[in-house]
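Here's the letter readout for the chains.
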Amino acid sequence: MKKRTSITQWQHEILTLHLPKEGLYVDATMGNGHDTLFLCRLAGEKGHVYAFDIQTAALSNTRALLEKENMLDRVSLILDSHAHMEKHLEPETADAILFNCGYLPGGDHHLATRPETTVQAIHAGLKILKSKGALSLCLYSGGDTGFAEKDAVLRYLKELDPNRYTVIVQEYYNRPNHPPTPVFICKK
Ligand SMILES: C[S@@+](CC[C@H](N)C(=O)[O-])C[C@H]1O[C@@H](n2cnc3c(N)ncnc32)[C@H](O)[C@@H]1O
């Protein structure tokens, strides 16, 4: 039987279809670096990736992965909250921003993304995004994650001006136990 599509695989497939290659991309939640690696491949030798995390373990895991793949020259690994993205990037410069919310796999669950900072980071990210750029989110809920972050993000997105942003919220319709929610925002 074919394996179920993971949410990150799904995010990557949609972004690959829509993004220009060799662009400027942001990984807002670096973690173990799998999304950063995906974005580095898309960036090629001419593009660049900015990746954020608040944990030094995330930076060292990601650095090791990218070193192995010989892609360290395509990325800036930033030890800072994604809520401070505007300190590191100019407005209207990014082709895509990717959030994979939650906690570092194998790490401390208390250092997960949080409702206030995630909403603040999305707000900042939408300013940094170029026209026609895409912001992709993977939201988790249930278990020790709870529902506060997903609810806060969806509340914020509901109020975005439809003349400036298209917001698509998807659903794993036939999966039990609070499956993750993929969200795509396109800036007009
Ligand atoms: C689900 S993991 C990301 C997985 C990752 N993209 C990968 O490919 O392995 C979520 C990450 O968000 C990080 N995080 C939590 N709060 C953050 C914040 N305010 N700013 C940036 N990263 C944050 C966590 O430390 C954790 O590493």
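First, a word on what this report is: a plain description of the structure on this page. Just so you know, these numbers come straight off a predicted model, no measurement behind them.

Quick notes on the rules
Residues numbered from 1 in each chain as written. Predicted model: local features only at pLDDT ≥ 70, side-chain atom pairs only at ≥ 80, totals over all residues. Heavy atoms only, no water. Helix = DSSP H or I, 4+ residues; strand = E, 2+ residues; numbered from the N terminus. Rg over C-alpha atoms; globule rule 2.2 N^0.38 Å. Buried < 20%, exposed > 50% of the residue type's maximum accessible area, 1.4 Å probe, protein only. Contact = heavy atoms within 4.5 Å. Areas by Shrake-Rupley, 256 points an atom, 1.4 Å probe, with all protein chains shown as cover. Pairing = 2+ DSSP bridges. Axes fitted to C-alpha atoms, helices over the stretch in contact; angles between N-to-C directions. Expected span 1.5 Å × (residues − 1). Arc of directions from axis to C-beta.

## With respect to the overall build of the chain
Next up, step 1: Assigned secondary structure in the chain consists of five helices and seven strands.
Next up, step 2: Going from N to C terminus, the chain has its helices and strands arranged as α-β-α-β-α-β-β-α-β-α-β-β.
Next up, step 3: Here the C-alpha radius of gyration of the chain, 16 Å, is about what a compact globule of 188 residues would show, namely 16 Å.
Next up, step 4: Projecting the C-alpha coordinates of the chain onto the three principal axes gives extents of approximately 40 × 40 × 35 Å.
Next up, step 5: With 188 residues in all, the chain has 51% of them scored as buried.
Next up, step 6: Here the analysis covers contacts within the chain between residues at least 6 apart in sequence; of these, 73% occur between residues at least 24 apart.
Next up, step 7: Looking at the chain as shown, the accessible area adds up to about 10,100 Å², and 52% of this sits on carbon and sulfur atoms.

## Regarding the sheet that holds strand S1 (residues 24-27)
Next up, step 1: The seven strands lie next to each other as S3-S2-S1-S4-S5-S7-S6, forming an open sheet whose pairing is mixed. Looking at which strands have only one partner, the edges of the open sheet turn out to be strand S3 (75-79) and strand S6 (165-169). Averaged over all neighbouring strand pairs, the angle between strand axes comes to 15°, with direction disregarded.
Next up, step 2: Where strand S5 (residues 129-139) and strand S7 (residues 181-187) come together, six bridges link them in antiparallel fashion. Paired with Leu139 across the two strands is Thr181, which belongs to S7.
Next up, step 3: Lying on the sheet, helix H3 (residues 56-68) is in contact with strand S2 (48-53) and S3; it crosses S3 at an angle near 165°.
Next up, step 4: Strands in contact with helix H4 (residues 115-128) are strand S4 (94-100), S5, S6 and S7; relative to S5, the strand with the most contacts, it is inclined by about 155°.

## Quick word on H3
Next up, step 1: In this model, H3 (13 residues) spans 18 Å end to end at C-alpha, consistent with the 18 Å of a helix rising 1.5 Å per residue.
Next up, step 2: Along H3, the residues classified as buried are Ala58, Leu59, Thr62, Leu65 and Leu66. All buried residues of H3 project into a common sector of 135° when viewed along the axis, lining one side. Away from its buried face by more than 90 degrees, H3 exposes Thr56, Glu67 and Lys68.
Next up, step 3: Those residues of H3 that are buried lie in contact with helix H2 (34-43), S2 and S3.

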